[in-house]
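Commentary on secondary and tertiary structure
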Amino acid sequence: MLRYTYTVPDVMVVAGEPEYFNNRTDTITNPLLIIEVLSKSNQSYDKGEKFDAYRTIATFQEYILIDQNRIYIEQYYKTAKKQWTLYEYDEEDKTISLTSVEFQISLIDIYNKVEFEVDDRLDSQAID
């Protein structure tokens, strides 16, 4: 029995016209690039099972994971069948160049106006 996994990515880019599963207008089968914003509750799933499912899609070429709790981005791009390269970004002055589409963006722009939560335990230790 063939099993399907349905997910809703935060951002998806397709090349050309979207192709739909069984004529459903809510299930695109030809993503080129998928971007997910990670939270504490979804990061394990997005990095594990979800990424595994995405890699079964023939058109899928690039995966961007953006951490919402700190400046940190993982960029995976396909280099050959079942081969992926990982780049990690954790400095504001760095720029990400996408491989699947012609686009660059700095981490400063991605995290613009993001206010990170401060761990009160760390603040109290710094005062002591």
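I will try to describe carefully the structure that is included in this document. Please read these numbers as outputs of a predicted model, since none were measured by experiment. (Residues numbered from 1 in each chain as written. Predicted model: local features only at pLDDT ≥ 70, side-chain atom pairs only at ≥ 80, totals over all residues. Heavy atoms only, no water.)

It is worth spelling out the pattern of salt bridges at this point. Across all of its chains, the model carries 6 salt bridges by this definition. The residue Asp46 makes a salt bridge to Lys50 at a minimum N-O spacing of 3.3 Å. Accessibility assignment for this pair places Asp46 and Lys50 in one class, buried. Linking Lys47 and Glu74 is a salt bridge whose minimum nitrogen-to-oxygen distance equals 3.3 Å. Taken together, the residues Lys47 in helix α1 (residues 43-47) and Glu74 in strand β4 (residues 73-80) connect sequence positions 27 residues apart. (Salt bridge = Lys/Arg side-chain N within 4 Å of Asp/Glu carboxyl O. Buried < 20%, exposed > 50% of the residue type's maximum accessible area, 1.4 Å probe, protein only. Helix = DSSP H or I, 4+ residues; strand = E, 2+ residues; numbered from the N terminus.)

Across the sheet, which stays open at both edges, the 5 strands sit in the order β1-β2-β3-β4-β5 with mixed pairing between neighbours. Taken across any chain shown, the strands that pair with only one partner, and hence form the sheet edges, are β1 (11-14) and β5 (83-89). Within the sheet, the average angular offset between the axes of one strand and its neighbour, ignoring direction, is 15 degrees. (Pairing = 2+ DSSP bridges. Axes fitted to C-alpha atoms, helices over the stretch in contact; angles between N-to-C directions.)

This part is about the side chain of Ser100. Following the sequence through the fold, Ser100 ends up in the loop between β6 (95-97) and β7 (104-106). Side chain to side chain, Ser100 and Glu62 meet in a polar contact 2.7 Å long. In this structure, Ser100 is in contact with Leu32, Leu33, Gln61 and Glu62, ignoring residues within four places of it in sequence. (Polar contact = N/O pair within 3.5 Å; in protein donor to acceptor, adjacent residues only side chain to side chain. Contact = heavy atoms within 4.5 Å.)

Our focus in this paragraph is unusual backbone geometry. With a phi close to 60 degrees, Lys82 is a non-glycine residue in the positive phi region. The topology assignment puts Lys82 in the loop between β4 and β5. Phi at Lys113 takes a positive value of approximately 70 degrees, unusual for a residue other than glycine. Topologically, Lys113 is positioned in the loop between α3 (107-110) and α4 (120-127).

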